[in-house]
Amino acid sequence: MTTAGPHPAVDFSVHPAPCGVPGRRRFVARLEATASPSGLCSTRIILAIDKSASMRGRPLRDAQAAACALVDHLDDRDEVGLVFFHHLVDEVVNPAPLSADFRSFLKQRILAVTTGRGTNIGA
């Protein structure tokens, strides 16, 4: 899917990925955005990162790498917030413009996350 018009174009694609667990499937989503022309409004993004027990190991490392790459790719005018969840939402970083210090802070928080309990899908 690609969108265009007054906003930057965004390409979204989903690809199968090796899982290693019989009966389970794994997919990787990829978002790519073109650079926004100067003068356009900033983008506000809330990154929601699953830290449930099923994310142990490579899934969490992949999510961390993708989130850090996104933070590196965004413009300084963009605003980013962060939410970690497992059986509850237990940490929230409110959105703020990506200054060098805030960008570094976000990446530190992303890389420091550890897995928790299961996801509360019943609620």
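Here's a quick rundown of the structure. Because the structure is predicted, anything quoted here is derived from the model rather than measured.

The rules behind each value
Throughout, residues of each chain are indexed from 1 in the direction in which the sequence is written. Residue-level local features of this predicted model are given only where pLDDT is at least 70; pairs of side-chain atoms are given and counted only at 80 or more, and the full residue set underlies all totals for whole chains, interfaces and linings. The side-chain values count all of the structure's non-hydrogen atoms but skip hydrogen atoms and water molecules. Helix and strand assignments come from DSSP, with helices taken as H or I runs of at least 4 residues and strands as E runs of at least 2, each series counted from the N terminus. Given a helix with a known number of residues, its expected span is that number minus one, times 1.5 Å. Working definition: with a 1.4 Å probe on protein chains only, accessible area under 20% of the residue-type maximum means buried, over 50% means exposed, and in between means partly exposed. For this quantity, the arc is that covered by the directions from the helix axis to the C-beta atoms. Under the rule applied, a polar contact is a pair of N or O atoms within 3.5 Å (in protein, one hydrogen donor and one hydrogen acceptor; residues adjacent in sequence only if both atoms are side-chain atoms). Strands are labelled as partners when DSSP assigns at least two bridges between them. Where helices are involved, their axes are fitted lines through C-alpha atoms of the stretch in contact, as for all axes, and angles between N-to-C directions lie from 0 to 180°. Grouping buried Ala, Val, Leu, Ile, Met, Phe, Trp, Tyr and Cys residues that are joined through side-chain atoms within 4.5 Å yields what is termed a nonpolar core. By definition, residues are in contact when any of their heavy atoms lie within 4.5 Å.

1. Re helix α1 (residues 58-73)
So, step 1. Between its terminal C-alpha atoms α1 stretches 22 Å, which fits the 22 Å expected from 16 residues at 1.5 Å a residue.
So, step 2. For α1, the full list of buried residues reads Leu60, Gln64, Ala67, Cys68 and Val71. Angular distribution of buried residues about the axis of α1 spans 95°; they occupy a single face of the element. α1 presents Arg58 and His73 as exposed residues on the side facing more than 90 degrees away from its buried surface.

2. Considering the side chain of histidine 86
So, step 1. Among the structural elements, histidine 86 can be located in the loop between β5 (79-85) and β6 (89-97).
So, step 2. A polar atom in the side chain of histidine 86 sits 3.0 Å from the side chain of histidine 87.
So, step 3. A distance of 3.0 Å separates polar atoms of two side chains, one belonging to histidine 86 and the other to aspartate 90.

3. A word on the sheet that holds β5
So, step 1. Ordered in space as β4-β5-β6, the three strands form an open sheet in which the pairing is mixed. Each end of this open sheet is capped by a strand with a single partner; those strands are β4 (44-50) and β6. Looking at each pair of strands side by side, their axes are set apart by 10° on average, direction ignored.
So, step 2. Two strands pair when backbone bridges link them, and β4 and β5 are joined in this way by seven bridges, in the parallel orientation. Across the sheet, residue isoleucine 49 finds its bridge partner in β5, namely phenylalanine 84.

4. Focus: the nonpolar core
So, step 1. Counting residues in each nonpolar core, the largest one holds 18 residues, and the members touching the most others are Leu47, Ile49, Leu82, Leu98, Leu106 and Ile110.
So, step 2. Elements supplying a minimum of two residues to this core: β4, α1, β5, β6 and α2 (100-112).
So, step 3. The dominant element in this core, judged by the number of residues it contributes, is α1, at four residues.
So, step 4. Apart from residues lying up to four places away in sequence, leucine 82 is in contact with Leu47, Ile49, Glu91, Val92, Val93, Leu106, Arg109 and Ile110.

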